[in-house]
Amino acid sequence: MSAFLFQGCTTAELAVDLFKKSQKNKTAQQTDSDDVEWKVGKASKDGADGNKVVAAPRYKVGNPYQVAGIWYYPDRDLAYDETGIGSWYGDEFAGKLTANGEIFDPRKITAAHKTLPMPSVVRVTNLDNGKSLVVRINDRGPFVAGRIIDLSRASAKLIGYKKNGLARVRVQLLAEQSLRLEQLAKVGKFPELADSPEDMPQTDAVTQPKVSLTTRSNSNKTKPANVVQQSAIELLANARVGEVIEVAPITTNIWVQVGAFHTKSNATSVLTKVSAVGDGVVSSVDKAGQTLYRVRLGPISEVKLADKLLDGVVNMGFTGARIIVD
């Protein structure tokens, strides 16, 4: 019964969250510089003055903030699901405070994200090798154009891109687990920091039709024999921080998405402006029953070239441009 009630609570929370998001005023009110100053070298929060670093963890979403001329808008987005390029950070920040007051340990399964609440739980899937890892968000970053998430060293090793440094990834917020961490954090409990960590709530999956998590693949490769075949319900039931699950790797392309527009004429006009940077296309997509027209440069095979195109677009004034993988 308790599991059923919590599932109902999650559904209601998600509905309220989506409503608030649709009504959101996107005007920045103030810079939440406390989240990022130490990480971009503007201030010290690491005990450099000789004082011992003391953890003071708290639940935090935060105010809009600016780094290197780019504005970021933290948001409690329970439906977050994005693709892009993942990176990792390690020992240079070991022992320093994270943006929500924890102490960063590169050996723990954590990550930094520019906008998601801290703490929250996401599933990061390495689209190149099919490894999928559940990670706890407790920091801000990465403040490098074209990067979607910064994993800890341990996380990057588990998911298979510590050596390369970068990977094409999909990042999905796990709403039920994130809501549970939010509830605990608001009463001063942080499971990953406690001596006896509290388990995440169990999810009892009843018999369900199989749901593929790789339907976006355009690859004709057959699934490796050693890859676990699981439904979406089963994957969520096994969503525990630090656990690696393998799904089928998929073939992807990299794109620089300049923006999405309500009218095709506006999209075409923008594509004409950025054509000096690189070749692109206008494609339509349905979002919540509304047709949007996306302006994208690509497809691109190398991250280095995508970075170059992204820089060119941003320099033209399209600061909301980003790298996506599709």
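The preceding data block contains the structure.
These numbers were taken from a predicted model, which means no experiment stands behind them.

**Student:** Before we go on, may I ask you to explain the pairing of strand β7 (residues 147-152) in this structure?
**Tutor:** Remember that side chains alternate between the two faces of the sheet whenever the strand is regular. With six of six residues buried, β7 lies mostly within the body of the structure. Here strand β3 (residues 81-89) runs beside β7; their pairing, made up of five bridges, is parallel. Of the residues in β7, the one forming a bridge with Ser 87 is Asp 150. The pairing of strand β4 (residues 110-112) with β7 spans two bridges and is classified as antiparallel. Each bridged residue has a counterpart across the sheet, and for Ala 111 the counterpart in β7 is Leu 151.

**Student:** Can you help me understand the pairing of strand β8 (residues 167-173) in this one?
**Tutor:** Burial runs high along β8: seven of the seven residues are buried. Side chains Ala 167, Val 169, Val 171 and Leu 173 of β8 all project onto a buried face; the interleaved residues Arg 168, Arg 170 and Gln 172 project onto the opposite face, where all are buried too. Two elements, β3 and β8, share six bridges in a ladder whose sense is antiparallel. Bridge pairing in β8 places Asp 81 opposite Gln 172. Two strands pair when backbone bridges link them, and strand β5 (residues 120-126) and β8 are joined in this way by five bridges, in the antiparallel orientation. Bridging from a neighbouring strand, Thr 125 pairs with Arg 170 of β8.

**Student:** What exactly am I supposed to notice about the sheet that holds strand β10 (residues 254-261) here?
**Tutor:** In a beta sheet, neighbouring strands are held together by backbone hydrogen bonds and run either parallel or antiparallel to one another. The four strands are arranged β11-β12-β10-β13 in an open sheet whose pairing can be described as antiparallel. Bordering the open sheet on either side are β11 (280-287) and β13 (322-325), each of which pairs with just one other strand. Averaged over all pairs of adjacent strands, the angle between their axes in this sheet comes to 45°, without regard to strand direction. In this structure, β10 lies alongside strand β12 (residues 290-300), joined through six bridges in antiparallel fashion. Following the sheet pairing, Phe 261 is matched in β12 by Tyr 293. Across the face of the sheet, helix α5 (residues 264-274) comes into contact with β10, β11 and β12 while running at roughly 20° to β12.

Conventions and cut-offs
Residues numbered from 1 in each chain as written. Predicted model: local features only at pLDDT ≥ 70, side-chain atom pairs only at ≥ 80, totals over all residues. Heavy atoms only, no water. Buried < 20%, exposed > 50% of the residue type's maximum accessible area, 1.4 Å probe, protein only. Helix = DSSP H or I, 4+ residues; strand = E, 2+ residues; numbered from the N terminus. Pairing = 2+ DSSP bridges. Axes fitted to C-alpha atoms, helices over the stretch in contact; angles between N-to-C directions. Contact = heavy atoms within 4.5 Å.

Bear in mind that shape data such as this cannot, by itself, settle questions of function.
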